[in-house]
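Structural overview for review
Listed below are the residues making up each chain.
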Amino acid sequence: MALIVQKYGGTSVGSAERIKNVANRVAKARAEGHDVVVVVSAMSGETNRLVALAHEMQDFPDPRELDVVLSTGEQVTIGLLAMALKNIGVPAKSYTGWQVAVKTDNAHTKSRIEEIDDEAMRNDLKEGKVVIVAGFQGVNSQGDITTLGRGGSDTSAVALAAALKADECQIYTDVDGVYTTDPRVVPEARRLDTVTFEEMLELASLGSKVLQIRSVEFAGKYKVRLRVLSSLQEGGEGTLITFEEDNNMERAAISGIAFDKNQARVNVRGVPDKPGVAYQILGAVAEANIDIDMIIQNVGAEGTTDFSFTVPRGEYKPVLDLLNGLRDSIGATEIDGDDTVCKVSIVGLGMRSHVGVASKMFRTLAEEGINIQMISTSEIKISVLIDEKYMELATRVLHKAFDLA
């Protein structure tokens, strides 16, 4: 008998029929003797609908009130799933995030979990009930409802699994595991039986949409055994996300390829080549709460240098406006950029022991006439910034070059 946390995403609970299917799946796990805690998202499309309604009220919705609105999506799902379980004879009880309580910080719409009170859940489990918890939400120290940001239900599930010391956290989604790359782009993509937390963390951060990056960070920190499974088909082992030390076999150089269209490049040209310039530029962007990814500073010439970095595409115009307002103070001759770029990345622990991975990647892209604009590396990944029109081609040829099929 094990304690299992199961998480079901929006597509998995996207209709009454699918919610009933989830109930049957939960009932099956319980019939096998397991204690089950279920975390659910809002029904597919519901969060977008609620966001649109909020924007009809305010151009820039008040963050506290927006959280109040957004949290209702999951509340509907937990109630419906509890009803579906009771209808087939399975005792169940639903909880919102604040009822559990999932305690968070005060950053509305992007809160972080600080603590979880597991007493009520444990009591219900002892009584033989299935516990159903609304994902994506919590409560702050002022008693206000908070939300964790898009994809936050994954984080909710992993955090609950950590608090309850669950044997496994199963993330049910519309795919049957983690693939070498997106099968919609490369039909030959292969499902991975296992992938390490380190690799999954890189894949999630680089554009893979299977798991939210914060959920992977949480799982790695608290050693939560994590498995990705399909809620739309029966059976299958999915993909187990595990630790490097669990697998001593020799690894392939590359485990997967991720891509991300949500990129824009900003160029700050002709700034003085002196200490503190990078801080002037990037500090101002950071103070505006805008994430920066790839960074390149060219070698100085005649006392000036050029500085380039990438930001999320939606932040492209705000960053240009911000830096143009600071143009005189930072001494730039020109500020421009490009929001028609994308990032393609290869990831694999095997890079540590295989030489020539970077040169193989660059040669493969060069043979297809794909120009590399920026490069970023870590011990287990290499990312390149290229024109977005080449994204699918680059992914396909790299997948083939590294024998991932």
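Under an unreviewed UniProt entry, the protein has the name Aspartokinase and belongs to Neisseria montereyensis. Its UniProt record gives the protein the following Catalytic activity (unreviewed entry) comment, quoted word for word: "L-aspartate + ATP = 4-phospho-L-aspartate + ADP".

Topic: the overall build of the protein
When you go through the protein residue by residue, the secondary structure sums to 14 helices and 18 strands. Overall, the protein is about 75 × 50 × 35 Å in size when its C-alpha atoms are taken along their principal axes. In the protein, of all internal contacts separated by at least 6 residues, the share reaching a separation of at least 24 is 75%. For the protein, the exposed area adds up to about 18800 Å²; of that, 49% sits on carbon and sulfur atoms. Distance from the positive charge centre (43 side chains) to the negative charge centre (58 side chains) of the protein: 4 Å.

Description of the UniProt feature "domain: ACT" (unreviewed entry) in the protein
Look at the UniProt record and you will see "domain: ACT" (unreviewed entry) annotated at residues 266-340 and 346-405. Taken end to end, residues 266-340 comprises 33% helix and 33% strand; its first and last C-alpha atoms sit 11 Å apart. Counted over residues 346-405, helix gives 37% and strand 23%. Its end C-alpha atoms are 14 Å apart.

Focus: the environment of K317
Inspection of the secondary structure puts K317 in helix 11 (residues 316-325). The sequence separation of K317 and A120 amounts to 197 residues, and the corresponding C-alpha distance is 47 Å.

Looking at the pairing of strand 13 (residues 256-272)
A regular strand places its side chains so that they alternate between the two faces of the sheet. Where burial is concerned, most of strand 13 is hidden: 13 out of the 17 residues are buried. Relative to strand 15 (residues 304-311), strand 13 is paired through 7 bridges, and the arrangement is antiparallel. Note that in strand 15 the partner of V268 across the bridge is F307.

A word on the sheet that holds strand 9 (residues 168-173)
Within the open sheet, the 8 strands sit side by side as 3-6-2-1-9-11-12-10. Their pairing is mixed. Every other strand in the sheet has two partners, leaving strand 3 (92-95) and strand 10 (194-196) as the edge strands with one partner each. Adjacent strand axes in the sheet meet at a mean angle of 20°, parallel and antiparallel pairs treated alike. Both strand 1 (residues 3-8) and strand 9 contribute to a ladder of 5 bridges, which runs parallel. Paired with V5 across the two strands is C169, which belongs to strand 9. Each of strand 2 (35-40), strand 3 and strand 6 (130-134) is contacted by helix 4 (residues 72-87), which is oriented at about 165° to strand 6, the strand it contacts most. Its contacts with the sheet place helix 7 (residues 152-164) against strand 1, strand 2, strand 6, strand 9 and strand 11 (226-230), and it is angled at close to 175° to strand 1.

Observations regarding a negative patch on the surface
A cluster of acidic residues, E114, E115, D117 and E119, forms a negative patch at the surface. One can find D117 in the loop between strand 5 (113-116) and helix 6 (119-126). A relative accessible area of 32% means that D117 is categorised as partly exposed.

A short note on a nonpolar patch on the surface
Together, V76, L80 and M83 give the surface a local cluster of nonpolar side chains, amounting to about 270 Å² of exposed area. Looking at the secondary structure, you find M83 in helix 4. What makes M83 exposed here is its relative accessible area of 57%.

Observations concerning the sheet that holds strand 18 (residues 381-387)
Spatially, the 6 strands line up as an open sheet ordered 14-15-13-16-18-17, and their pairing is antiparallel. Bordering the open sheet on either side are strand 14 (295-297) and strand 17 (374-378), each of which pairs with just one other strand. Looking at each pair of strands side by side, their axes are set apart by 25° on average, direction ignored. Two strands pair when backbone bridges link them, and strand 16 (residues 334-347) and strand 18 are joined in this way by 7 bridges, in the antiparallel orientation. Note that in strand 18 the partner of V347 across the bridge is K381.

The rules we used
- Residues numbered from 1 in each chain as written.
- Predicted model: local features only at pLDDT ≥ 70, side-chain atom pairs only at ≥ 80, totals over all residues.
- Heavy atoms only, no water.
- UniProt positions renumbered as here; feature names shortened; annotations may be inferred.
- Helix = DSSP H or I, 4+ residues; strand = E, 2+ residues; numbered from the N terminus.
- Contact = heavy atoms within 4.5 Å.
- Areas by Shrake-Rupley, 256 points an atom, 1.4 Å probe, with all protein chains shown as cover.
- Lys, Arg positive; Asp, Glu negative; His and termini not counted.
- Charge placed at Lys NZ, Arg CZ, Asp CG, Glu CD.
- Buried < 20%, exposed > 50% of the residue type's maximum accessible area, 1.4 Å probe, protein only.
- Pairing = 2+ DSSP bridges.
- Axes fitted to C-alpha atoms, helices over the stretch in contact; angles between N-to-C directions.
- Patch = residues over 30% accessible without salt bridge, like charges linked within 9 Å, V, L, I, M, F, W, Y side chains within 5 Å.
- Salt bridge = Lys/Arg side-chain N within 4 Å of Asp/Glu carboxyl O.

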